[in-house]
Amino acid sequence: MSAVFNFTFVPWFRSVAPYIHMHRGKTLVVGVPGEAIATGKLQNIVQDLALIHSMGLKIILTHGFRPQVNEQLAAKGHQAKYHKGIRITDAVALDCALEAAGQLRYEVEAAFSQALPNTPMAGATVKVVSGNFITARPMGIVDGVDYQHTGLVRKIDVALIQQLLDQETVVVLSPLGFSPTGEAFNLTMENVATFIASELHADKLIFVTEIPGIPENPREPLGEDNRIDTELSLAYAERLLKELPPPEEPTDLAFYLRHCITACKNGVDRSHIIPYAVDGSILLEIYMHDGIGSMVVDEKLESLREATIEDVGGILQLIAPFEEDGTLVKRQRHEIERDAHLYTVIEHDGVIFGCAALYPYPEDGTGEMASVTVNSQSQGQGDGDKLLRRIEQRARAMGLRSIFVLTTRTMHWFIKRGFQVVDPDWLPEARKRKYNWDRKSQVLVKKL
């Protein structure tokens, strides 16, 4: 076996191990639009979900069928009708939806049943269950438009679904629901996925979509100077949704964003928008630190926020043990009071459990991340990553192209998160003059 392969595979596998442990036992709802299936992505998506399932995640897969229904309507010489991005389901469209749902359910179950040698499914036994879990109601007449057989989720049999998940079964939900009188309704995949994720208080809701995510500048095309915003706070996402035009098509930025917001407001920890055009995007989003798409997260504004002068006492108390053992450079109270606005803190029940500061050097396009500290009682729970992501957000907002740290003991933590070691001569001149050559701190840089 190639030594080069060993040196690439082993560090990679070790790097994803913490995420495997972190997600084991968690509940994941995945929404796959019909467009992904129509473009031939179903097989790879199912293989990745089977792999994730084997690592202990509980999975609910919901699928759409928009293009499949449209194709059948066209074959019957019937025009597809929409209003505000939602299908108006007449009797012909409902028949097409029922037929498409049956066909796609068969394709999904068949894909999970494959166990071909030399594929990710080799040796896998994945139990899959689908059924009449959804009770629906009519959408009715909205803005003078009668949606006819289009409906909304009224109720989902959460107890039965949870029981199936606990039995290591993958649950597949088609976007169809039935009223207590037996009437069928055409639903949207997004409504079904958001509703079940909210009812189960799922750990993650992932939409595998036509778009790569939400750009940092939503009004400009993606490019080198306008990349995907990997993490949006719930508050920012809500503000952005109000500024975006009402969605009509799945490619509109607000189309999936509104459902991510709803899920987070209903107790879902993380909601994601990732591209199906990238092979393995679900794996990349779950098991890589930076992920690949956009994530909406309710960090609870009272727990992750910018510091004020009232937080100085808590910051001093937090960093004192790390200053005493030499992990951090000693800072005077008046320095922290002066620079309080540069700090981000994590607060739980009125106690500061984590902090980090960003000292910008705008003329050099970089900034120093300093005083990165997490209370020893809560280390290993992701608070350090939250602080890093917030500092990166603040740096981008300032127009900085990179951030750097100086450390003597935590170099590997930063390297695992995309930092690279550089020579101290790399430092901005203003910072280089204050560099303590006796301390011999390592300088690490991360490009934004």
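Residues numbered from 1 in each chain as written. Predicted model: local features only at pLDDT ≥ 70, side-chain atom pairs only at ≥ 80, totals over all residues. Heavy atoms only, no water.

Student: Explanation requested: the sheet that holds strand 23 (residues 442–447) in the structure shown.
Tutor: Two strands in a sheet stick together by hydrogen bonds in their backbones, pointing the same way (parallel) or opposite ways (antiparallel). In spatial order, the strands read 17-18-19-20-21-23-22; together these seven strands make up an open sheet with mixed pairing. A single partner strand is all that each edge strand has here, and the edge strands are strand 17 (304–306) and strand 22 (420–422). Adjacent strand axes in the sheet meet at a mean angle of 30°, parallel and antiparallel pairs treated alike. The pairing of strand 19 (residues 351–361) with strand 20 (residues 366–374) spans seven bridges and is antiparallel. Considered in strand 20, the bridge of Tyr 361 is made with Thr 366. Across the sheet, helix 11 (residues 312–324) touches strand 18 (343–348), strand 19 and strand 20, and the angle it forms with strand 19 is around 85°. Helix 13 (residues 383–397) rests against strand 17, strand 18, strand 19, strand 20, strand 21 (402–407) and strand 23 of the sheet, and its axis sits at about 145° to strand 18. (Pairing = 2+ DSSP bridges. Helix = DSSP H or I, 4+ residues; strand = E, 2+ residues; numbered from the N terminus. Axes fitted to C-alpha atoms, helices over the stretch in contact; angles between N-to-C directions. Contact = heavy atoms within 4.5 Å.)

Student: How do you make sense of the pattern of salt bridges when you look at a structure like this?
Tutor: Pairs can form between side chains of opposite charge once their charged atoms are near each other. Counted under the stated rule, the structure contains 19 salt bridges. Residues Arg 219 and Glu 243 are paired through a salt bridge, measuring 2.3 Å at the closest nitrogen-oxygen approach. Remark: Glu 243 occurs in helix 8 (residues 234–243) and Arg 219 occurs in the loop between strand 13 (204–209) and strand 14 (231–233); sequence separation between them is 24 residues. Taken together, the shared-partner salt bridges in this structure form one network comprising Arg 305, Asp 311 and Glu 347. (Salt bridge = Lys/Arg side-chain N within 4 Å of Asp/Glu carboxyl O.)

Student: What's the story with helix 5 (residues 91–113) in this structure? I'm lost.
Tutor: Side chains that are three or four residues apart share a direction in an α-helix, a result of its 3.6 residues per turn. Taking 1.5 Å of rise per residue, the 23 residues of helix 5 would be expected to cover 33 Å, and the 33 Å separating its terminal C-alpha atoms lies within 8% of that figure. Buried within helix 5 are the following residues: Ala 93, Leu 94, Cys 96, Ala 97, Ala 100, Ala 101, Leu 104, Val 108, Ala 111 and Phe 112. Of the residues that open helix 5, the one with a side-chain oxygen 3.3 Å from the backbone nitrogen of Val 92 is Asp 90. (Expected span 1.5 Å × (residues − 1). Buried < 20%, exposed > 50% of the residue type's maximum accessible area, 1.4 Å probe, protein only. Polar contact = N/O pair within 3.5 Å; in protein donor to acceptor, adjacent residues only side chain to side chain.)

Student: I'm lost on the sheet that holds strand 14 in this one. Help?
Tutor: One open sheet holds the eight strands; their spatial order is 5-10-2-1-13-15-16-14, and the pairing between them is mixed. The sheet is open, and its two edges are formed by strand 5 (127–130) and strand 14, each paired on a single side. Within this sheet the neighbouring strands show an average axis-to-axis angle of 20°, counted without direction. Judged from the three bridges that link them, strand 14 and strand 16 (residues 294–297) form a sheet pairing that is parallel.

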